[in-house]
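# Structural overview for review
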Amino acid sequence: MALAATSVKKTMPHTLFHTALYASLALCVLGLLWRSSAWFRVRVGPDARAVTLSQRLGALLRGTATALFGARVLHILGACFLDVLLLRRLFAREKPRWLGHLLILAGFTLLLLMHAFEALVTVKLFPGYESTLAPYLFLRNLFGAMVVAGIALLYFERWRRRTGLVSVRRPMAAAFAVLLGFVLATGYLLEAHKIASPQAFYRMAKRYSGTTDPGELMPLRAVWASEFGVAFDDLKEPFASNVMERGRQMHDADCAGCHAKPASAFVSYPVSRLLAPVTALLDKGRADIWLLYLHVFACFLGLATLPFTRFFHAVAVPISLLVNASAPNRAFSAAGRASRRALALDACLRCGICDAHCSVAPLARHLGNPYLLPSHKLVATGALANGRLLRSGRESDGFRVAEGAFLCTDCGRCTNDCPAGLDLEDLWQAGRGDLAAAGLPAPAQWVRALPALAWAEALEAAAGQHTATDPDASCAPLSADRRSFSRCVQCQTCTNVCPVVAQSIAADHRVDLTPQKVMNLLRLGLRDLTLGSRMVWDCATCYQCQENCPEGLRVTDIMCELRALAAHRLGAVRSWKAPS
Amino acid sequence: MKYALFLGCKIPSRLPAYELSTRAVLLRLGVTLVDLEFNCCGYPARNVSREAFVVAAARNLAIAERAGLDVLTPCTCCFGSLRHAISFLEEDPELRSRVSQALAVEGIAWSGKTEVEHLLPVLARTIGVDALGAAVRAPRAGLRVAAQYGCHALRPSNVARFDNPLAPTTFETLIRLTGATPVDWPRQLDCCGDPLHESNAPLSEHIARAKIADAKASGAEAMCTACPHCHLRFDSAQAGSPKPSIRSLLYTQLLGLAMGLDEKSLGLECPESPIRGR
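Residues numbered from 1 in each chain as written. Chains lettered and ligands numbered in written order. Predicted model: local features only at pLDDT ≥ 70, side-chain atom pairs only at ≥ 80, totals over all residues.

### Description of the overall build of chain B
- When its secondary structure is counted, chain B shows twelve helices and eight strands.
- The dimensions of chain B, computed from C-alpha atoms along their principal axes, are 55 × 45 × 45 Å.
- Within chain B, contacts between residues separated by at least 24 positions form 78% of all contacts whose residues are at least 6 apart in sequence. (Helix = DSSP H or I, 4+ residues; strand = E, 2+ residues; numbered from the N terminus. Contact = placed C-beta atoms within 7 Å.)

What follows is the structure, given as structure tokens:
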């Protein structure tokens, strides 16, 4: 019976309480084992596919041993305190969110220790503990209020800092907030009801004064009705001063030693004032019992589903932060890195701080492709690794994810900004490797799969059917306009100054066309023949051709345009198929 | 003198020494640098959508414009990209209106008030040779370096408006001020190969090595750079090669040393990757 709090002991059958508790605990443990096993099963990146499960478990054991007995143990303890408990990384980036999160973390942890584990913790530490005593009554309200204020602040900050960018789906985030809110609400309501309840008064009077006789208790009832808010329906204020005097004496003798003023429950007490008119009804319906059942079983539900709700971050993020502290990135073996990536997929909270500061966010917005944004990219990287991304019929998803992955500039801001300390740079690199392995490399790579002529034929064959919107006007105005190339006199100056042509002597990077031939194909109206050409895709954009063209033609600008055009048009006729 | 400092993506993540030394040198020269939250210059998007490229670039310009500042960038490619976006916006009214719409979502606008400057001309012309010369306390006499402008500083010259694209002298003048000697090297104006590295690594390496060999044969002891892309490409093209290589030296580091700034403040001991948490 050690686990159940006093109030629970009195109300709930022991077996029911314990069966429910241990069942939820078992579900929680099984869920945690399943979720954490993914950190050793999921493979992100080609190098992760080369290591075995036993190598990854070996790396875990070695890493843990080094962490516990190595030179960095103080470093890890420091991280435990500063990163995990005080949320240092969040503090460095967004202080209001840090405050909100810290309020939730502190309020929740303290409620858990002082209130939920009262029989395990509080009673042992403070022998005179009673849940009704000061300061516990007040503190319970305070901790609950901290959680509520924290949640409100986080939602407010989310709204205040809205970016207009598509935010990634956060399954179960709302469900978790609702559950947490429900636990808090039932807790406050239960307490409020007990404050106003004559039933609860008589129960306690019996225990501490040894009587339940309304007449005998009259003076005490008068004091509790007028000063502590018990809603007796058979008493009417005002009370005679001698009655009050006698009541106060009784109060001092039997109650005050063990019971703080109910008003110190600064949330529950005002709520109890609202409940006062219906208190008799609630007493009759035994609200003290069913509110307690709701409160306790909502907690059990939270416990059982912890591994599958947003709450799981309370496990994954601290582990991620401690793993970071255990060794510098370069010290991780391929097996260790593989597990770290899988952990990162779970530890991401989808908080969106990375998205808000992403260097290519304006491109994501303009191209209408959220997969440029870190949080979406992380989800896609996980889906790709789990085989959920590339399903037949979802080819366009694969293309968009690849576009996002290859437009990332590796500026490192997301990694710097991540409050969970995830090494996102490493994840992106691994994800690009996975995309390439799935036949979705950068355009400059997949274009090479066919010679320019074959691409032109593919375009011709698909002329009637491909539905991709023709981006000519917006992305290729120069190559669509004769005036920008018709003055070419084929003097070959562009070819002569081109460093790519100059290096083309080696067999492994011979160009198929020269800049001057590209211009000539445009003059001949054969633009499609240039789109897949090595020359167009190997152009270094050094602008020698454009600078030196005696006719002032914008040769390099046209090359850039042709690449953008090719990415659209050749992309639409690619023969890539998702594995069915 | 006050500028918004545009670092781009490469400097903070891969070459923090360039940021450190730029800040140290400009601080000593009395230039105030303001940090705004810029985004990517847009260059990577040129291969996908011209409009997205211009929107990204114009967003940066609009952010600087809102702060009432001109932009100073130490990255040659970002410089070229931002200048290019301006020229696209100026020549194409239809593009301009679409870009304006895109920016209006965030309540910002581009009107062309903000100038984009590369670090080298700011040093040579705005701060001026005389002021620089007066700041030099410890000339690096005897050091022979190959000045690497970077393509997007010079070309296309009507967009970059940086220097004479065929016979530039800005960088050489700046190098002489430090006491070092710029060498003549035939492949000076060639590409460093970096833009090709993702798409065709062997070709990129060939181009880079040809330049390095040429600089070396011309008597240079170091590549003097003013662009993170060129700088890192030269270093990585030589990484793992058995022969002793010639190192890349950022111009801001060379100038800082000549000005008597200490090595630490110039990032000469900087670790390669500064990304926190790595």
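The discussion continues.
### Some words on the overall build of chain A
- Counting secondary structure elements, chain A contains 34 helices and zero strands.
- Taken against the 2.2 N^0.38 rule, which gives 25 Å for 580 residues, the C-alpha radius of gyration of chain A at 34 Å runs more than 25% over that of a compact globule.
- By its C-alpha atoms, chain A is 115 × 55 × 40 Å across when sized along the principal axes.
- Per-residue burial over chain A gives 42% buried out of 580 residues.
- Put simply, of all contacts in chain A between residues at least 6 apart along the chain, 77% involve residues at least 24 apart. (Rg over C-alpha atoms; globule rule 2.2 N^0.38 Å. Buried ≥ 20, exposed ≤ 12 C-beta atoms within 10 Å, placed from the backbone.)

### Quick word on the confidence of the model for chain A
- Per-residue pLDDT for chain A averages 91, and the proportion of residues at 70 or more is 97%.
- Averaged over each element, pLDDT in chain A is lowest for helix α27 (residues 472-475) of chain A (61) and highest for helix α33 (residues 544-548) of chain A (98). (pLDDT = per-residue confidence, 0-100.)

### Overview of the sheet that holds strand β1 (residues 2-5) of chain B
Residue and element names in this part refer to chain B.
- Sheet architecture is open: four strands sit in the order β2-β1-β3-β4, paired in parallel fashion. Across the chains shown, the open sheet's two edge strands, defined by having one partner strand only, are β2 (32-34) and β4 (116-118). Going from strand to strand, the sheet's axes swing by 40° on average, the running direction of each strand aside.
- With three bridges joining them, strand β3 (residues 70-73) and β4 adopt parallel strand pairing. Of the residues in β4, the one forming a bridge with Val71 is Val116. (Pairing = 2+ DSSP bridges. Axes fitted to C-alpha atoms, helices over the stretch in contact; angles between N-to-C directions.)

### Section: the confidence of the model for chain B
All names here are of chain B.
- Averaged over all residues, the pLDDT of chain B equals 93, while 96% of them reach at least 70.
- Confidence over residues 272-278 falls short of pLDDT 50; this stretch has 17 contacts with residues more than four positions distant or in other chains.
- Overall fold confidence (pTM) sits at 0.93, and the ipTM for the predicted complex is 0.95.

### Re the environment of Glu457 of chain A
All names here are of chain A.
- Here Glu457 is to be found in helix α26 (residues 452-461).
- Residue classification places Glu457 among the partly exposed residues on the basis of 16 C-beta atoms within 10 Å.
- The sequence separation of Glu457 and Asp528 amounts to 71 residues, and the corresponding C-alpha distance is 8.8 Å.

### Here's the deal with the domain arrangement of chain B
Residue and element names in this part refer to chain B.
- For chain B, the assigned domains read domain 1 (2-117) and domain 2 (137-266).
- When each unit is reduced to the centre of its C-alpha atoms, the spacing between domain 1 and domain 2 is 23 Å.
- Counting residues at the interface gives 21 residues for domain 1 and 20 residues for domain 2.
- Of all the elements in the fold, those that place two or more residues in the side of domain 1 that touches domain 2 are α1 (10-14), α2 (16-28) and α4 (76-91).
- Of the residues forming the side of domain 1 that touches domain 2, the biggest block, eight residues, is contributed by α2.
- Here the side of domain 1 that touches domain 2 is built from residues that sort into eleven nonpolar, six polar and four charged. (Domains from an automatic or database assignment. Nonpolar A, V, L, I, M, F, W, Y, C, P; charged D, E, K, R; others polar.)

### Remarks on the sheet that holds strand β5 (residues 144-148) of chain B
Residue and element names in this part refer to chain B.
- Judged by pairing direction, the sheet is parallel, and its four strands sit side by side in the order β6-β5-β7-β8 without closing on themselves. The open sheet has two free edges, formed respectively by β6 (181-182) and β8 (247-250), since each of these has just one partner strand.
- Where strand β7 (residues 222-225) lies against β8, four bridges are found, and the strand directions are parallel. What sits directly across from Thr225, in β8, is Leu250.

### Structural notes on the interface of chain A and chain B
- Contact residues are listed per partner, giving 47 residues for chain A and 42 residues for chain B.
- Tallied by class, residues from the side of chain A that touches chain B come to 21 nonpolar, 17 polar and nine charged.

### Regarding the nonpolar core
- One finds Leu363 of chain A together with Val54 and Ala58 of chain B to be the most contacted residues of the largest nonpolar core, which totals 234 residues.
- Take this core: its biggest share by element is eleven residues, from helix α3 (residues 50-66) of chain B.
- Two domains each donate at least three residues to this core, and these are domain 1 (2-117) and domain 2 (137-266) of chain B.
- Excluding residues that lie within four positions of it along the chain, Ala58 of chain B makes contacts with Ala85, Leu89, Val99, Leu103 and Trp110 of chain B. (Core = buried A, V, L, I, M, F, W, Y, C linked by C-beta atoms within 7 Å.)

### Some remarks on helix α4 (residues 53-69) of chain A
All names here are of chain A.
- Between the first and last C-alpha of α4 there are 24 Å, a value that for 17 residues agrees with the 24 Å anticipated at 1.5 Å per step.
- Turning to α4, its buried residues number three or more, namely Arg56, Ala59 and Gly63. Considered in projection along α4, the buried side chains sweep an arc of 55° and stay on one side of the axis. Exposed residues lying more than 90 degrees from the buried face of α4 are Ser54, Leu61, Thr64, Ala65, Leu68 and Phe69.
- Where α4 is buried, its residues meet α2 (14-41), α17 (313-326) and α18 (334-347). (Expected span 1.5 Å × (residues − 1). Arc of directions from axis to C-beta.)

### Describing unusual backbone geometry
- With an omega of 0°, the peptide bond between Ala134 of chain A and Pro135 of chain A qualifies as cis.
- If you trace the backbone, Pro135 of chain A turns up in the loop between α8 (122-125) and α9 (136-160).
- Note the cis peptide between Arg155 of chain B and Pro156 of chain B, where omega equals -10°.
- Its place among the elements puts Pro156 of chain B in the loop between α7 (151-154) and α8 (157-160).

### A closer look at the pairing of β5 of chain B
Residues and elements named next belong to chain B.
- Of all five residues in β5, four are buried; the element is thus mostly enclosed.
- One ladder, built from four bridges, connects β5 with β7; its direction is parallel. Bridge pairing in β7 links Val145 to Ala222.

### Here's the deal with the packing of helix α22 (residues 395-407) of chain A against helix α24 (residues 424-437) of chain A
Residue and element names in this part refer to chain A.
- Between α22 and α24, whose axes approach to 10 Å, the crossing angle comes to 135°. When the axis of α22 is compared with that of α24, the two are oblique. Note on packing geometry: the crossing formed by α22 with α24 is left-handed. Across the interface between the two elements, Val401, Ala402, Ala405 and Phe406 of α22 pack against Trp428, Gly431, Arg432 and Leu435 of α24. (Parallel < 35°, antiparallel > 145°, perpendicular 65-115°, else oblique. Left-handed = near helix turned anticlockwise from the far one by under 90°.)

### A closer look at the environment of Leu177 of chain B
All names here are of chain B.
- Tracing the chain through its elements places Leu177 in helix α9 (residues 170-177).
- A count of 21 C-beta atoms within 10 Å places Leu177 in the buried class.
- Sequence separation of Leu177 and Ser87 is 90 residues, and the distance between their C-alpha atoms is 33 Å.

### Describing the packing of helix α21 (residues 374-385) of chain A against α24 of chain A
Residues and elements named next belong to chain A.
- Where α21 meets α24, the axes come as close as 10 Å, and the angle between the chain directions of the two elements is 45°. By the angle between their directions, the pair α21 and α24 is classed as oblique. Crossing hand, α21 versus α24: left-handed. From α21, Pro374, Lys377, Leu378, Thr381, Leu384 and Ala385 reach across to α24, where they touch Leu424, Leu427, Trp428, Gly431, Asp434 and Leu435.

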